[in-house]
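Observations on the three-dimensional arrangement
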Amino acid sequence: MNATDRTPADLLRSALAADPGRPLVTFYDDATGERVELSVATFANWVAKTANLLQGDLGAGPGDRLALLLPAHWQSAVWLLACASVGVVAEVGGDPAGADLVVSGPDTLDEARACSGERVALALRPLGGRFPQPPAGFADYAVEVPGQGDRFVPFVPVGADGPGLLVGGEELSYADVIARARADAAARGAGEGARVLSGLGYDTWEGLSAGLYGPLATGGSVVLCRNLDALSPAALEQRVESERVTLRV
């Protein structure tokens, strides 16, 4: 990663320039058996499309607040980087009633309806599948995102020092996110290029740091595991070996 990277979107651009084909996010859901692996290039393409949806169709801009009501999931990671690309403040588990727009999973739709702004719903089905029936009052992400552009340019340059992320009641700038993620990675012993297995949720800074920002900030990758408690110890060891994990969190 480059010393000049000041936002998570900068980190992603540097990763794309360095090695677009390497794995970045490998996602498991041990309740369903789903496994998805995204290279840097594939992940960046999803981020660009989502950022174009966010900036264009949804009309979001720097400083707007997005309540992100999603679990630890590869599509959650995409939304977090799309927000950073546009300059939108991602409030993980935020109050939809106080947000400019909301992004919801299938289990939080009733809560998300408190948002008076734009509402987007994700089915969180394998391979990014759509809802069988679109939920009333929501745009179905899986329907809206495929037609978006593969390249993203923000209408307004995104600064590193303004609000960028709100999690666990703490607000961080994008510069704070990068600095803390790098410090956390060093404290965990996650060197450059580490492959981290994380079973933590995205509702805490620790989970976000281990499961997204730390690997991104150190040129590494993450094996993000949802419902990891459904996996036997023997199966977990097999996954660590098969995925060439160098650090578990």
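As a reminder, the structure under discussion sits directly above these lines.
Residues numbered from 1 in each chain as written. Predicted model: local features only at pLDDT ≥ 70, side-chain atom pairs only at ≥ 80, totals over all residues. Heavy atoms only, no water.

**With respect to the pairing of strand 1 (residues 23–29)**
Two faces, one strand: in a regular strand the side chains alternate between the faces of the sheet. Counting buried positions along strand 1 yields 6 of 7 residues, so the element is predominantly enclosed. Where strand 1 and strand 2 (residues 34–39) come together, 6 bridges link them in antiparallel fashion. Of the residues in strand 2, the one forming a bridge with Pro23 is Ser39. A loop of 4 residues connects strand 1 with strand 2, the two strands running antiparallel in sequence, and Gly33 in this loop sits at a positive phi of about 85°. Here strand 1 runs beside strand 11 (residues 221–226); their pairing, made up of 5 bridges, is parallel. If you follow Tyr28 over to strand 11, its bridge partner there is Cys225. (Buried < 20%, exposed > 50% of the residue type's maximum accessible area, 1.4 Å probe, protein only. Helix = DSSP H or I, 4+ residues; strand = E, 2+ residues; numbered from the N terminus. Pairing = 2+ DSSP bridges.)

**Concerning the pattern of salt bridges**
Tallied over the full model, the rule gives 14 salt bridges. Asp29 is the salt-bridge partner of Arg226, the closest N and O atoms lying 3.7 Å from each other. Of this pair, Arg226 sits in strand 11 while Asp29 sits in strand 1, and the two are 197 residues apart along the sequence. Arg226 gets classed as partly exposed once you look at its relative accessible area, which sits at 23%. Beyond isolated ion pairs, a larger network of salt bridges with shared partners links Arg35, Glu37, Arg195 and Glu243. (Salt bridge = Lys/Arg side-chain N within 4 Å of Asp/Glu carboxyl O.)

**Focus on the packing of helix 1 (residues 8–18) against helix 7 (residues 205–217)**
Packing of helix 1 against helix 7 brings their axes to within 9 Å, and their N-to-C directions diverge by 55°. Put simply, helix 1 runs oblique to helix 7. Here the hand of the crossing between helix 1 and helix 7 comes out left-handed. Each of Pro8, Leu11 and Leu12 in helix 1 lies in contact with helix 7, whose residues at this interface are Tyr213, Leu216 and Ala217. Residue composition of the contact of helix 1 with helix 7, grouped by class: 6 nonpolar, no polar and no charged. (Axes fitted to C-alpha atoms, helices over the stretch in contact; angles between N-to-C directions. Parallel < 35°, antiparallel > 145°, perpendicular 65-115°, else oblique. Left-handed = near helix turned anticlockwise from the far one by under 90°. Contact = heavy atoms within 4.5 Å. Nonpolar A, V, L, I, M, F, W, Y, C, P; charged D, E, K, R; others polar.)

**Some remarks on helix 8 (residues 233–242)**
Three or more residues of helix 8 are buried, namely Leu236, Arg239 and Val240. The buried residues of helix 8 occupy an angular sector of 100° when the element is viewed end-on, so they sit on one face. Across helix 8 from its buried face, at more than 90 degrees, point the exposed residues Ala234, Gln238, Glu241 and Ser242. On its buried face, helix 8 sits against strand 1, strand 10 (195–198), strand 11 and strand 12 (247–248). Positive backbone phi, at 55°, marks Arg244, one or two positions downstream of helix 8. (Arc of directions from axis to C-beta.)

**Considering the sheet that holds strand 9 (residues 170–173)**
Read from one edge of the open sheet, 7 strands run 7-6-5-3-4-8-9, paired in mixed fashion. Looking at which strands have only one partner, the edges of the open sheet turn out to be strand 7 (139–140) and strand 9. Running over the sheet, helix 6 (residues 174–188) touches strand 8 (163–167) and strand 9 and is turned about 95° from strand 9.

**Observations regarding the packing of helix 2 (residues 40–57) against helix 3 (residues 74–86)**
When two helices pack together, their arrangement is captured by the angle between the axes and the distance separating the axes. Closest axis-to-axis distance for the helix 2/helix 3 pair is 8 Å, and the angle between their directions is 60°. By the angle between their directions, the pair helix 2 and helix 3 is classed as oblique. Of the two possible hands of crossing, helix 2 and helix 3 adopt the one that is right-handed. Taken together, the residues of helix 3 that come into contact with helix 2 (itself represented by Phe43, Trp46, Val47, Thr50, Ala51, Leu53, Leu54 and Gln55) are Trp74, Gln75, Ala77, Val78, Trp79, Leu81, Ala82, Cys83, Ser85 and Val86. The residue makeup of the contact of helix 2 with helix 3, split by class, is 14 nonpolar, 4 polar and no charged.

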